[in-house]
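Listed below are the residues making up each chain.
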Amino acid sequence: MSYKQHYQHFLKQHPETLHCSPHSHHYWPDVTRAAQLAYWDDSAKGVDHKWDMIFGERLPRVQKLLAELLDHPAPEQFVFANNTHELLYRVISCFDPAQPLRILTSDGEFHSFSRQVRRLEERANVDVVRVSCEPCATFAERWQQAVQQQSFDLIFCSQVFFNSGVVAPWVGTWLELVPEATQVIIDGYHGCGALPTSLHDVAGRIFYVAGAYKYLQAGEGCCFMSVPKGTALRPEYTGWFADFANLAKPQQTHVEYASDGMRFAGATMDFTALYRLEAVLQWWRNDGITVATIHQYVQQLQANFLAVVDELEHPLLNRAALLVDDLAEHGHFLTFELPSAAEVATLAQQLQHGGVETDYRGKRLRFGFALYHDASDYQRLKKALS
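Residues numbered from 1 in each chain as written. Predicted model: local features only at pLDDT ≥ 70, side-chain atom pairs only at ≥ 80, totals over all residues. Heavy atoms only, no water.

Draft legend 1. Here's a closer look at the side chain of histidine 23. Along the polypeptide, histidine 23 turns up in the loop between strand S1 (18-19) and helix H2 (31-46). Take histidine 23: its relative accessible area is 1%, and that puts it in the buried class. In terms of polar contacts, histidine 23 uses its side chain to reach the side chain of aspartate 359, at 2.8 Å. Every residue in contact with histidine 23, bar those within four places of it in the chain, is listed here: His190, Lys214, Tyr215, Phe333, Asp359, Arg366, Phe367 and Gly368. (Helix = DSSP H or I, 4+ residues; strand = E, 2+ residues; numbered from the N terminus. Buried < 20%, exposed > 50% of the residue type's maximum accessible area, 1.4 Å probe, protein only. Polar contact = N/O pair within 3.5 Å; in protein donor to acceptor, adjacent residues only side chain to side chain. Contact = heavy atoms within 4.5 Å.)

In structure tokens form, the structure reads like this:
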């Protein structure tokens with residue numbers, strides 16, 4: 001089965017290109033174009049009153065669709081922001097800066113978190129423990145040991161590591177080792193919409209952050225976080241959306257918060273991306289496209305891709321260079337580690353000149369896979385590398 005017919009606007013703009021970096025910027029399906037215009041029309045119709053429509057109709061619909069996608073029991077616990085950094089820093093701002101802050105994380109987290117934490121470490125009372133992602137085969141064991149070695153205020157770990165595509169041990173396998181007082185954030189950006197994910201059993205205990213830029217295919221500007229129900233945390237970094245329902249009431253000295261996930265909301269934002277996300281999720285729902293369906297399709301594409309790589313017998317791009325040679329342990333991109341960053345840059349440039357878009361970081365070259373690929377597309381590798 002081919003899904004290319006759903007991506008004609010983007011594909012027609014790049015007829016001679018095989019886009020192998022959807023883990024970075026995913027092509028948008030055609031349904032998002034009408035959604036973009038719908039936000040404009042709703043703004044023209046509602047003007048100031050558009051907020052009533054967004055908060056009363058659009059946002060609850062997307063919350064429900066996300067809850068279905070992620071098997072989350074409480075749709076009202078999803079909150080939205082322009083980016084995940086904004087959301088994770090709201091959680092961090094719940095901690096008293098005058099008190100010690102102990103954080104457990106890995107050395108493979110995306111910049112939204114890793115940069116922020118490095119800056120926090122400039123405070124004398126912030127202590128960060130980082131577990132090395134490699135060797136990958138022993139990470140789960142070493143991670144569980146770290147969880148138990150000392151108490152932490154905050155634990156942050158990816159669902160799928162952004163720089164390798166390797167799947168991290170699911171939070172449900174180690175959450176029982178974490179004290180109730182510890183806040184847990186899972187970065188689901190490279191897992192949401194790619195790997196079948198159920199938050200049902202952990203929803204009341206963890207924060208799960210993700211967004212629409214990658215596998216949810218709706219572009220930048222719509223990130224979200226599921227918030228544990230009943231949490232009493234009070235983010236210092238807060239905005240007027242965080243108590244939207246009570247804005248008309250007298251504002252007391254004590255800052256109040258919504259009783260649901262919106263307590264972690266910020267302030268005025270452009271909700272165009274929310275409309276696009278709704279369009280994608282509704283398309284999947286209408287056509288019976290599940291994340292399991294997408295994942296199975298992509299895993300077959302990955303197998304087809306590797307078969308072409310085997311045929312190439314390339315001195316650098318080969319199975320021996322795969323960071324992890326096991327499709328069951330990957331998200332929706334594969335990472336090849338070459339001897340040097342210079343060789344990676346040269347190879348990526350050669351691929352680009354041959355019409356194959358990839359991306360790379362240091363010595364690692366990454367190839368991503370998407371619904372707008374067909375198995376036959378990977379024959380382009382032979383032309384690019386001949």
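That shown, we press on.
Draft legend 2. Local environment of the nonpolar core. Of all hydrophobic cores here, the largest spans 122 residues; its most connected members are Leu216, Phe271, Phe305, Phe336 and Phe367. Residue contributions to this core peak at 10 residues, all from helix H3 (residues 50-69). (Core = buried A, V, L, I, M, F, W, Y, C linked by side-chain atoms within 4.5 Å.)

Draft legend 3. Highlighting the sheet that holds strand S6 (residues 183-187). Judged by pairing direction, the sheet is mixed, and its seven strands sit side by side in the order S2-S8-S7-S6-S5-S3-S4 without closing on themselves. The open sheet is flanked by strand S2 (78-81) and strand S4 (126-131), the only strands paired with a single partner. Shown here is a sheet whose adjacent strand axes are inclined to one another by a mean of 20 degrees, direction ignored. Across the sheet, H3 lies against S2 and strand S8 (223-226), angled at about 115 degrees from S2, the strand it touches most. Relative to the sheet, helix H4 (residues 84-92) contacts S2, strand S5 (154-158), S6, strand S7 (206-211) and S8, its axis offset from that of S8 by approximately 35 degrees. (Pairing = 2+ DSSP bridges. Axes fitted to C-alpha atoms, helices over the stretch in contact; angles between N-to-C directions.)

Draft legend 4. Focus on the environment of lysine 4. With respect to the helices and strands, lysine 4 occurs in the segment before helix H1 (8-13). Taking relative accessible area as the criterion, lysine 4 reaches 21% and is therefore assigned partly exposed. Other than its neighbours up to four places away in sequence, lysine 4 contacts Leu11, Leu371, Tyr372, His373, Asp374 and Asp377.

Draft legend 5. Molecular detail of the pattern of salt bridges. All chains considered together, the criterion is met by 18 salt bridges. For the salt bridge of arginine 319 with aspartate 325, the shortest nitrogen-to-oxygen distance reads 3.7 Å. Residue arginine 319 is classed as partly exposed on the basis of its relative accessible area of 33%. Salt bridges linked by common partners bring Asp42, Arg58, Arg61 and Glu278 together as one network. (Salt bridge = Lys/Arg side-chain N within 4 Å of Asp/Glu carboxyl O.)

Draft legend 6. Representation of the state of the cysteines. Taken as a whole, this structure holds zero disulfides when the rule is applied. With no disulfide partner, cysteine 136 has as its closest neighbouring cysteine sulfur the one in cysteine 133, 7.2 Å distant. Free of any disulfide, cysteine 222 has its nearest neighbouring cysteine sulfur in cysteine 223, separated by 7.1 Å. Judged by its relative accessible area of 1%, cysteine 222 falls in the buried class. (Disulfide = S-S within 2.5 Å.)

Draft legend 7. Representation of unusual backbone geometry. Cis rather than trans, the peptide bond between glutamate 134 and proline 135 has omega equal to 0 degrees. Mapped onto the fold, proline 135 is located in the loop between S4 and helix H6 (139-149). Phi at glutamate 313 is positive, roughly 50 degrees, even though this residue is not glycine. Residue position: glutamate 313 is located in the loop between helix H8 (291-312) and strand S9 (333-337).

Draft legend 8. Region of the structure containing the layout of surface pockets. Counted as a void, the largest pocket has a volume near 360 Å³. If you trace the largest pocket, you find 27 residues lining it, with Thr84, Phe110, Ser112, Tyr189 and Lys214 closest to the centre. Put simply, the parts of the chain that give the lining of the largest pocket at least two residues each are H4, helix H5 (111-120) and S5. It is H4 that contributes the most residues to the lining of the largest pocket, three residues altogether. Of the residues in the lining of the largest pocket, the class split is 11 nonpolar, 11 polar and five charged. (1 Å grid on protein atoms, 1.4 Å probe; cavity = no way out; pocket = protein on both sides within 12 Å on 5 of 7 lines; lining within 4 Å. Points joined across faces, edges and corners; volume = space filled by probe spheres on them. Nonpolar A, V, L, I, M, F, W, Y, C, P; charged D, E, K, R; others polar.)

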